[in-house]
Structure formats: structure tokens, C-alpha cells
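# Observations on chain architecture
Spelled out, the chains give:
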Amino acid sequence: MSAAGSTVLIPGGIHARVRERIEAEFDAVSIAAADAALMTPEARAKISGIACATVITSDFIDAFPNLSIIASFGVGYDAVDAKHAATRGIMVTNTPDVLSDEVADTTVGLLLNTLREFPKAEAYLRAGRWVAEGSYPLTSLTLRGRTVGIFGLGRIGLAIARRLEAFGLPINYHTRTKRNDVDYPWHDNLAGLASVVDTLIVVVPGGAATEKAVNADILAALGPKGVLISVGRGSTIDEPALIAALADHKIAAAGLDVFADEPNVPQALMELPNVSLLPHVASASVSTRNAMADLVVDNLAAWLDGRPAITAVPECAGLDRKPA
Ligand code: NAP
Ligand code: 8YV
């Protein structure tokens, strides 16, 4: 089967360019959510590709007897049961690299906002308080003199490290496997990293292995001058422990782009003065999201045409396209 004759399902919402291209290049089917009950068995049998930005469970995957590829929008694919897909010979792709610089830029911006309170200073100006009350108060926190720890020195983590190195800051990191292409000190556990840095940037994938890895003990190790920046997945942070640490000044401040239950952000977090919050926008520029969208559809086109996927997730790296 060629890509042109293939039927691709879009369950739930997705970037408009993904939808437009799929409608132009394949037979497109859309359903409101990733719920197999929304389709007849006959309709499900026609599906060979799925393009998604939502949770894809093993049960959902198993509802499609002729499914060949799941192309997920985003580099993080913790919402897709890729291990299960691989056991069924189904390719899963994600969108790495094309967003790394954008996300790293955003992370540096979020770090500066957290330390130097730029969003609050701008709100102060806009409210007329500069005129009425004088200068915005000096910030107690600064980037100067900080030591950075990166939890997850992958594609994005390294792009963040390179930027902060240029800011003159020492970098340490924790991953499960030591990298042999960087000179930054490696720590074989997160607590060890947290105890030697005062600025912890979290950019590991979500999933069971990192679930609530940043807990009360890690925050205590980071210490009262500590700043936590989280741009990976909200599930990696124990949010109640973070709220308590911020309220009790066990750490100084936090900057968060991702949350455990998006788009719901705990009220207690929003009420804290020492947090800077973003609504999961690290990759959210038109150009970067378009590049991600194109990679989703290019992966579908390649695989459904019998060519290798462009960006297979590690679980599916060894898979060959099954003959149609
Ligand atoms: P990547 O290249 O795969 O890097 C992941 C890094 O995390 C690797 O260094 C990996 O090293 C480390 N890691 C994974 N599991 C770990 C564990 N259990 N303990 C310690 N280290 C672990 O991925 P990436 O492209 O940099 O993206 C990272 C994540 O950022 C994505 O998965 C996504 O969740 C998130 N993200 C968020 C946004 C946003 O909008 N906020 C945008 C893009 C991406 P080892 O394998 O050696 O442990
Ligand atoms: C996107 C992301 O916002 O790539 C990721 O893992 O978290 C972000 O770039 C998200 O995937 C959009 O669904």
C-alpha cells in the first residue's frame, strides 16, 4: 500500500497543519477522542496510521487490526504505549530535535523570569506603579554566581547547558548513563546532583521511571537558596512536596512550564509569590510547531510508503515495515 491510499486516523485535537496535510495526502478519519467505541469494527480495520497528541493506550492500539504506525506530536511520547505498540510490530514516531533550541531558549527565559521577576516587574509598570510608587523592588535572587544541575542531559538538556555555559555558569548533570561527549561533572543519582547545585533544571521524559523523582528529599538537598525549573513533564515533580517546600522556604523559588494535571494548576501553587508559571509553551512558536507538524506527517508518509520512519522512538527503532 502507498501512503496516498492509506487511511490515517486523528483521535482528538491536533495541530492544524497536521490535520490539513493528512487530509490532503491520505484518506483522513477524525474522531473526538481516542475511544475505539466511536468507530465501527469495519471502520477501524481500514486504519493503517494514527496521528495523535493525546493518550494512546494498549487497548486503543489493539482495536486497530491493520495499524502500522502511530505518529505522535511532540518529542515526549509518555502518553503513547510505545512498548506495547512495538510488541505488535507497530511503529511509533515522535518529533525530536526540531524543537530543542526553542525549548532551551524558553527554559533560559523561564529561569530568568523566576530569578529576576520580569513578569511581575512588567505588571508593576503596566499598573502605573512605577509612576505612583517608584522603582520596582530589587530582586533577592540573581543568575549570577549560580551552579546549575541538569536532570536529563539529552537533546534539550544539552542545548540548555550550552546556553547557560555561555552565561558563565558551571554545569553538573544526572542521567542514568554518563555521556562521554561532555566534560560536565556527572552524578549517578539525583540526590547527589541536587546537593552540589543551587539551580536544578528538570528535563527528563515523563513515565514510571521519573514519576515524582523530584520529591521532598531532593528539594531539601537543593536547599534554601535553591531554584527548581521544570520543563520536562509535570509527573516528574511531587507537586504537593514542591508547594510545601516553596511555602516553607525550604527552596527559594520555582519556574514551571509543565504540571501534573494540565491544564489544571493547583491553586496553592498559583497563590505562592515565589513561582513563575507558564502554560506548557516551551515549544510554542508558529515555526517550531510547524516543524513538529511536518515531522509527524513526513513520518507517516515515509512509513506508509514502505520507507524507514524518520524519527522512530527507541522502543521501535529495530522495526521493519510490514508488507501491506
Ligand atoms: P532525550 O534526548 O531523550 O533526553 C532525555 C534525557 O533524560 C537523557 O539524557 C536521558 O539519559 C535522561 N533520562 C531519561 N530517563 C531518565 C531517568 N529515569 N533518570 C535519569 N535520567 C533520565 O529527550 P529530549 O529531546 O531532550 O526531551 C526531553 C523531554 O522534554 C521530553 O521527553 C519531553 O517530556 C520534554 N519536553 C517538554 C517540552 C515542553 O513544552 N515543556 C517540549 C519538549 C520536550 P539516560 O537515558 O542516560 O538516563
Ligand atoms: C508540546 C512537548 O507542547 O514535545 C513535547 O514533548 O511537551 C511540547 O513540545 C506538546 O507535545 C504538544 O502536544
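Okay, so let's go over this structure.

### Let's talk about the site of ligand 1
Contacts to ligand 1 come from 27 residues, most closely from Arg155, Ile156, Arg176, Val231 and Asp257. A distance of 3.0 Å separates an oxygen atom of ligand 1 from a polar backbone atom of Gly154. Arg233 places a side-chain nitrogen or oxygen 3.3 Å from an oxygen atom of ligand 1. Relative to its unbound accessible area of 920 Å², ligand 1 is 86% covered by the protein chains. Residue composition of the shell around ligand 1, by class: 13 nonpolar, 10 polar and four charged.

### A look at the site of ligand 2
As a matter of local geometry, ligand 2 sits amid Phe73, Gly74, Val75, Gly76, Leu99, Arg233, His280, Ser283, Arg289 and Met292. In this structure, an oxygen atom belonging to ligand 2 sits 2.8 Å away from a main-chain N or O atom of Val75. Side-chain polar atom of Arg289 to an oxygen atom of ligand 2: 2.8 Å apart, as the coordinates give it. Calculation on ligand 2 without its partners gives an accessible area of 320 Å², and the protein chains cover 81% of this total. A class-by-class count of the residues in the shell around ligand 2 yields four nonpolar, four polar and two charged.

### A short note on helix α1 (residues 16-25)
Given 3.6 residues per helical turn, the α-helix brings residues three or four places apart onto the same face. Listing the buried residues of α1 in full gives Val18, Arg21 and Ile22. Along the long axis of α1, the arc covered by the buried residues comes to 100°, so they all point the same way. Every exposed residue of α1 that faces more than 90 degrees away from the buried side is listed here: Glu20 and Ala24. The elements touched by buried residues of α1 are β1 (7-11), β2 (27-31), β3 (47-52) and α13 (286-304).

### Side note on the side chain of Asp198
Topologically, Asp198 is positioned in the loop between α9 (190-196) and β9 (199-202). From its side chain, Asp198 meets the backbone nitrogen of Thr147 in a polar contact 3.0 Å long. One polar contact links Asp198 to Thr199, side chain to side chain, over a distance of 2.9 Å. Residues in contact with Asp198, not counting those within four places in the same chain, are Gly145, Arg146, Thr147, Leu222, Lys225, Gly226 and Val227.

### Observations regarding the sheet that holds strand β10 (residues 227-230)
Reading across the sheet, the seven strands line up as β8-β7-β6-β9-β10-β11-β12 and stay open at both edges, with parallel pairing between neighbours. Either end of the sheet is taken by a strand with one partner, and the two such strands are β8 (186-187) and β12 (275-277). Note that strand β7 (residues 171-174) and β8 share two bridges and pair parallel. Paired with Tyr173 across the bridge in β8 is Trp186. Set on the sheet, helix α8 (residues 155-166) makes contact with β6 (148-151), β7 and β9; between it and β6 the angle comes to about 170°.

### A word on α8
Across its 12 residues, α8 extends 17 Å between first and last C-alpha, which sits within 8% of the 16 Å expected from 1.5 Å per residue. Looking at α8, one finds that the buried residues are Ile156, Gly157, Leu158, Ala159, Ile160, Ala161 and Leu164. Once α8 finishes, Gly168 follows within two positions and takes phi at roughly 90°, a positive value.

### A few points about the environment of Asp101
Along the chain, the position of Asp101 falls in helix α5 (residues 100-116). It is 27 Å that separates the C-alpha atoms of Asp101 and Asp238, two residues lying 137 residues apart in sequence. Excluding anything up to four places from it in sequence, Asp101 contacts Ala159 and Arg163. At a separation of 3.2 Å, a polar atom in the side chain of Asp101 contacts the side chain of Arg163.

### Details of the environment of Ala194
Note on placement: Ala194 falls in helix α9. Through-space distance from the C-alpha of Ala194 to that of Ile218 is 6.2 Å; in sequence the pair is 24 residues apart. Ignoring anything within four residues of it in the chain, the contact list for Ala194 reads Ile218, Ala221 and Leu222.

### Remarks on unusual backbone geometry
Note that the residue after Glu262, namely Pro263, is joined by a cis bond; omega there is 5°. Among the secondary structure elements, Pro263 is positioned in the loop between β11 (253-256) and α12 (267-270). You will see that Glu117, though not glycine, has its phi angle at about 60°, which is positive. Of note, Glu117 is situated in the loop between α5 and α6 (118-126). Of note, His280 is a non-glycine position whose phi angle comes to about 50°, a positive value. Inspection of the secondary structure assignment puts His280 in the loop between β12 and α13.

### Points about the packing of aromatic side chains
A complete count under the given rule lists two aromatic pairs for this structure. Plain terms: the ring middles of Phe60 and Phe64 are 4.9 Å apart, the flat faces sit at 70° to each other, and that makes the pair edge-to-face. The buried category is assigned to Phe64, whose relative accessible area is 0%. Relative to Tyr136, the ring of Tyr124 lies with its centre 5.2 Å away and its plane at 80°, an arrangement referred to as edge-to-face. With Tyr124 in helix α6 and Tyr136 in the loop between α7 (129-133) and β6, the pair connects residues that are 12 residues apart, well separated along the chain. For Tyr124, a relative accessible area of 7% gives the class buried.

Criteria and thresholds
Residues numbered from 1 in each chain as written. Chains lettered and ligands numbered in written order. Predicted model: local features only at pLDDT ≥ 70, side-chain atom pairs only at ≥ 80, totals over all residues. Heavy atoms only, no water. Near = heavy atom within 4 Å. Polar contact = N/O pair within 3.5 Å; in protein donor to acceptor, adjacent residues only side chain to side chain. Areas by Shrake-Rupley, 256 points an atom, 1.4 Å probe, with all protein chains shown as cover. Nonpolar A, V, L, I, M, F, W, Y, C, P; charged D, E, K, R; others polar. Buried < 20%, exposed > 50% of the residue type's maximum accessible area, 1.4 Å probe, protein only. Helix = DSSP H or I, 4+ residues; strand = E, 2+ residues; numbered from the N terminus. Arc of directions from axis to C-beta. Contact = heavy atoms within 4.5 Å. Pairing = 2+ DSSP bridges. Axes fitted to C-alpha atoms, helices over the stretch in contact; angles between N-to-C directions. Expected span 1.5 Å × (residues − 1). Phe/Tyr/Trp six-rings, centres within 6.5 Å; stacked < 30°, edge-to-face > 60°.

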